[in-house]
Each structure stands twice: as C-alpha cells, then as structure tokens.
Amino acid sequence: MSNVSYIQRPNRVLLIYALIYLAYLYIPVLFLPLFSFNDSLYVAFPLKGFTTRWYVEMLDNEPMQAALLNSLKVGVVASIVATLLGIFGAKAVSRYRIFAQKAVVSTIMLPLVIPGIILGVALLILLSRLGIGLSLVTVTLGHILICVPFSMATLMARFEGLEASFEEAAADLGDNAWWVFWRVTFPVVFPGILASLLLCFTISFDEFIMAFFLAGSDPTLPIFIYSQLRFPQKLPGVLALGACILMVSFVVVFVSQWLQGRGGLAAIDKDHRP
Amino acid sequence: MRSESLRGYALLSPTLVVMLFSMCAPFALMVLMSFWAQHGFKFDTSFTLANYREALSSPIYKALLFRSLKISGACALATVLISYPMAYYVAFHVHRRKLLWIILMTLPFWTSYLLRVFAWKIVLGYNGVINSGLKVVGLINHPLEFLLYSPTAVVITLAHAWAAFAVLPLYVSLEKIDRSLLEAAADLGDGPALRFLRVTLPLSLPGVMAAMLLIFIPTVGDYVTPALVGGPNGIMIANMIQAEFGKVNNWPMGAALAIAMMVIVALISLVYVWVLRKATEQIG
C-alpha cells in the first residue's frame, strides 16, 4: 500500500467538498427538528422562542395515533413477508447456479427503478377489477412488492459470504435440510436478516406513493402527514411529528446499514488487499 | 447441472411467483385498460386508440411530458456532477472508517421521502428558511420569489432526494479501479490531471452511466415533489396521471399516459446506453 501513497495522499480540497456535500444532505432535513421547538406557527427566522408544546399536543392527537398504529401494522407485516421472500430468493441464487440467473435477479429488482406511481396505479387497477376493496391489506401488498428487492440485495451479500462447505458438512453429519438451515445458515446470515427486517420496515413505514393509491379509509402515517400539509396551522405539529420520525429512522437505518455493511465491506476489503 | 438449476428454481419459486404476479398481472391489465374509454363511473371496454392519440397530440400532455423529461434529465446530470467528487473522495482518500462515510452518504435516502421534500418546502418557501434568513441578516428586503414553486425548486429537491442513487454506483465503480493502473500512468509521466482524465474518468464511466439512468428513470414519474414545491410551472406528467385516477376520474386515459411515459423513458434510456457504448468503443 505504501508505494501508492503519493496517489492517495490526503486531499484537503476534496475533504472540504465532502463536508459541504454532507452538510447539503443533512442541513435541510435538520430544519424540521429545529423549527419543531420554535414557538411560532410560521417557519421563519428569527426564531421566536423555545417550546415543547407541539410535542405535547401530539399526545392527544387521536387521528395521528391511529395512523401511527396503521403504519406500524403494515410495516411489521410487510417487512416480515418481504424478508422471508428475500431469504428464499437470495439463498436460491447464491447457493445454486441456475438458468438465466441474471435475468431472474434483474426481474426481481425491477421495482427499484420503476416509478412508484406506475406500480401504484397498476396495482390499483388490478385490485379494482378483482373487486378487492382498498385497505391496509392492499397497502401491505404494495409495500411487500417494493421491499423484496431491498431485502434480496441485502441478503445476497450475506449468503455469498457463506461457505457452501459448512452446509455440506452439516448435511453429511446427518442433519436434514431445515436443521442445516437453522443450525448453520441462520446464525451466519442472521445479521443480514435483521438488517433486511429493519430496512424493509423503514421503507414501508415511510412509503407514501403506493400507500396514496392503495390505502382505503385507514390512512398510514405518511398519508396523514400529507393531508395535514394543506392546513398552515397544522404545520408545527407536522414538524414535531416529522422530527420524531426522522430521529427513529436515522437510528434504525444506521443500525441496519452497520449490521449489513460489516459483512459486505469486509468482502470488498478482502478483494482489494494486495 | 440441470437438477441444480431445478432445485434453485424450486427454492426461488415463492419469491419469483409473488413478484411476477404482482408486476405482470397489474401491468397487463393496465395496458388493456389504456385501450378502453371511461363513461361516468363505467368503462367502455371496446378497443380504441383514442387515449394514445390524445396523449400524443394534446398540447397539455405533450408539454407536461416534455417538461418532465427536461427536469429529470437536468436532475440526473446535476446529481451525478455534484456527487462525483464526493464518491471520489471516499473511494480514494478515505482509508479508515470507510463504512461510516458510506452510511453517512446514504443515510438520508432511507428516511421519509415525503419529509425530505417537505423540508425543502420550508427551506425554499416565500417566508421560508432562506428568505427569512437573508432578510434577518439584511441581504434582501423582499423574499426571492423564484425559489419555491418553480422547475428549479423541483430539480434542487429531486437532486437532494436521489443523491444516494448517484453516490453509490459512482463509489462502487471508482473503488473497483485497479490502483496499479494509476501508478503505471504516474510512472509514465502523467500528472494528476492527466491521470484522472485518461485513467480514472474513463474507468468510472459505467458508474456514471448507471447513476444517470437510476435517477432519470424514477424521477420522470415523481409527483410528490412537483406537487409540493413545483407550483403551476413545475408540475409534471405524473401529477396528470395521478389526477386522471383521482379527481378527473378517467382511468383509461391515466393508464395510457402512464404507459406512454414508460415507453418514452425506456426508448430514451436505450438510445442513451447505445450511444454511450458506441462512444466508449470508439475511444477504446
């Protein structure tokens, strides 16, 4: 490594650029928590004074709490189902060499690049033709569709690090397939599974576009927030709620990325070690 | 080999069946519906091309589609340009705590899209953070009106929202570059600028290509950002599609618009990939 150091020596200009870039990513979002403590209906400088009343008001906002409960329900079910499907998919493509693997994986990854409105509208048409009423179940269905690619991508990195020989050894020692999975595969990929669950939950919890088309009379939290944006006097409440959601998402996603990244990044490092 | 493939497919089947069914069936039905007509709350299911004729001839639809392509193109270009140095820095100059940097770069992407767009609304607003901040420090007397409710606001907000889609592919393509090639170029007398232009940049082009497409394709269909920060001059084709399924209540027209949008985006993407591939072959 030392003989390439003249190419890789610290670059102050780029470091400053990187810090500005991070500021650009984070500062706009941080205005939500900042103004959520501001004692004014309007989001404007100068700050008027410190208050926690927008947070206190959330405690007896029943429609909001109902929406929160809906989002939690949808998020838990969607993340579990999507992760189960992701486990099957990731295991299949990393363990077996299968026909047209690339095409199959790309097909499953398609929802990543198809605009959300197309998926939402297409599902809405199908459901209405089948005569299925819109509800939290249909939202969950839509969320599973968009979560599976993320789950599969997360888990594939994990399964590829798993030596097939471990599983073969366990099988040779007389374990049946489920037992092999439970005793050998599962402990190795467990951080990946946890990462996938957390990631899928956050995606579902924050998802707006599909929910907009597929939710019936029970709103999810993002739908509720969107409906509040029309009323200027509700703005501080949205700020407080948004600040809470951002806080939780940041923590959950950080943990999930960390869990997943330690496996994935170790693999990258190994490849590049001279 | 054959049985291995079969066993793989057996294991894959639940995932594949669910994904295929929940994509193919709705798409097929959407295509079918785009050839229908709406009569009040009923559909006339006899085959007609009228929706597509209208989608491609009506000045409103054409203008909205054209504007969406322009905004998304500008957004893809801007996002890749501002993200390239960042990805470059992490790939070449960060040696410790790389994972932390990668997580920091992508973390906002995983948080609520709606809230990030909303954040820009309060930043760019008429009495928003920028305008009121500038007024407090005395730089302006009247709020800058061009900030919110304009195509520029849409581009800024989208570029922020999709930054992770640029940073990650760029980072991966830069990280993969064999460092010994750079050494070789240095040994042969290339300075930093030439090394970048002749080695790093060409080798990172696949990442640039991927990043442009990954941003361009989904942003054409965005309707939350234009609805919240676009104003009348910033609304895009997806707002129209959403309206056809909402208050306008003409589902077949909405389906036709959605399909027309997808086909046009797919064609542009194919041409773009083809041209870039030809261009790289010429250089190589």
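Residues numbered from 1 in each chain as written. Chains lettered and ligands numbered in written order. Predicted model: local features only at pLDDT ≥ 70, side-chain atom pairs only at ≥ 80, totals over all residues.

Draft legend 1. Here's a closer look at the overall build of chain A. When its secondary structure is counted, chain A shows eleven helices and zero strands. Taken from N to C terminus, the helices and strands of chain A fall in the order α-α-α-α-α-α-α-α-α-α-α. With the C-alpha coordinates aligned to their principal axes, the bounding extent of chain A is approximately 70 × 65 × 30 Å. For chain A, buried positions account for 45% of its 274 residues. Nonlocal contacts in chain A, meaning residues at least 24 apart in sequence, comprise 79% of its contacts between residues at least 6 apart. (Helix = DSSP H or I, 4+ residues; strand = E, 2+ residues; numbered from the N terminus. Buried ≥ 20, exposed ≤ 12 C-beta atoms within 10 Å, placed from the backbone. Contact = placed C-beta atoms within 7 Å.)

Draft legend 2. Summary view of the overall build of chain B. Of the regular secondary structure elements, chain B holds 13 helices and two strands. Projected onto its principal axes, the C-alpha positions of chain B cover 75 × 75 × 40 Å. By the burial criterion, 44% of the 284 residues in chain B qualify as buried. Counting only contacts in chain B whose residues sit at least 6 apart along the sequence, the fraction spanning at least 24 positions is 72%.

Draft legend 3. How the structure looks around helix 5 (residues 116-130) of chain A. Residues and elements named next belong to chain A. The first and last C-alpha atoms of helix 5 sit 21 Å apart over 15 residues, in line with the 21 Å expected at 1.5 Å per residue. Of all the 15 residues making up helix 5, twelve are buried; the element is thus mostly covered by neighbouring parts of the structure. Every buried residue of helix 5 is listed here: Gly116, Ile117, Ile118, Leu119, Gly120, Val121, Ala122, Leu123, Leu124, Ile125, Leu126 and Leu127. (Expected span 1.5 Å × (residues − 1).)

Draft legend 4. Molecular detail of the nonpolar core. Of all hydrophobic cores here, the largest spans 161 residues; its most connected members are Val121 of chain A together with Ala87, Val167 and Ile215 of chain B. Among the elements that line this core, the one with the most residues is helix 3 (residues 59-93) of chain B, at 13 residues. For this core, the two domains that each supply at least three residues are domain 1 (12-51) and domain 2 (61-272) of chain A. Contact partners of alanine 87 of chain B, with chain neighbours within four places excluded, come to Val167, Leu170, Tyr171 and Leu174 of chain B. (Core = buried A, V, L, I, M, F, W, Y, C linked by C-beta atoms within 7 Å. Domains from an automatic or database assignment.)

Draft legend 5. Molecular detail of the packing of helix 4 (residues 98-110) of chain B against helix 8 (residues 163-175) of chain B. Residue and element names in this part refer to chain B. Relative to each other, helix 4 and helix 8 sit at 145°, their axes nearing to 9 Å. Crossing handedness for the pair helix 4 and helix 8: left-handed. Contacts from Met105, Thr106 and Phe109 of helix 4 reach helix 8 at Ala164, Val167 and Leu168. Looking at the contact of helix 4 with helix 8 residue by residue, the class counts come to five nonpolar, one polar and no charged. (Axes fitted to C-alpha atoms, helices over the stretch in contact; angles between N-to-C directions. Left-handed = near helix turned anticlockwise from the far one by under 90°. Nonpolar A, V, L, I, M, F, W, Y, C, P; charged D, E, K, R; others polar.)

Draft legend 6. Spotlight on the interface of chain A and chain B. The interface is formed by 72 residues belonging to chain A together with 77 residues belonging to chain B. At the level of elements, helix 1 (12-36), helix 3 (62-95), helix 4 (101-109), helix 5, helix 6 (136-160), helix 8 (177-206), helix 10 (221-228) and helix 11 (235-272) of chain A are the ones that each hand at least two residues to the side of chain A that touches chain B. Take the side of chain A that touches chain B: its biggest share by element is 13 residues, from helix 1 of chain A. Tallied by class, the residues present in the side of chain A that touches chain B amount to 58 nonpolar, ten polar and four charged.

Draft legend 7. Seen up close, the domain arrangement of chain A. Residue and element names in this part refer to chain A. Split into domains, chain A comes out as domain 1 (12-51) and domain 2 (61-272). Each of domain 1 and domain 2 was reduced to a C-alpha centroid, and the two centroids are 30 Å apart. Of the residues in the side of domain 1 that touches domain 2, the class split is six nonpolar, one polar and no charged.

Draft legend 8. The arrangement of unusual backbone geometry in detail. Residues and elements named next belong to chain B. Positive phi values are uncommon outside glycine, yet arginine 97 reaches one of about 55°. Along the chain, the position of arginine 97 falls in the loop between helix 3 and helix 4. C-beta crowding within 10 Å serves as the criterion here: with 10 such atoms nearby, arginine 97 is assigned to the exposed category. Positive phi outside glycine occurs at asparagine 249, with the angle close to 55°.

Draft legend 9. Region of interest: the environment of isoleucine 60 of chain B. Relative to the assigned elements, isoleucine 60 of chain B resides in helix 3. Sequence separation of isoleucine 60 of chain B and glutamate 175 of chain B is 115 residues, and the distance between their C-alpha atoms is 45 Å.

Draft legend 10. Structural detail: the environment of lysine 135 of chain B. Residue and element names in this part refer to chain B. With respect to the secondary-structure elements, lysine 135 resides in helix 6 (residues 129-136). On the neighbour-count criterion, lysine 135 (18 C-beta atoms within 10 Å) is partly exposed. A sequence separation of 87 residues divides lysine 135 from aspartate 222, and the C-alpha atoms of the two residues are 32 Å apart.

Draft legend 11. Representation of the confidence of the model for chain A. Residue and element names in this part refer to chain A. Averaged over every residue, the pLDDT of chain A is 85; residues scoring 70 or more account for 90%. This model gives residues 1-5 a pLDDT under 50, and the stretch forms three contacts once residues within four places in sequence are excluded. Scored below 50 in pLDDT, residues 264-274 shows six contacts in the model against residues more than four places distant or in partner chains. (pLDDT = per-residue confidence, 0-100.)

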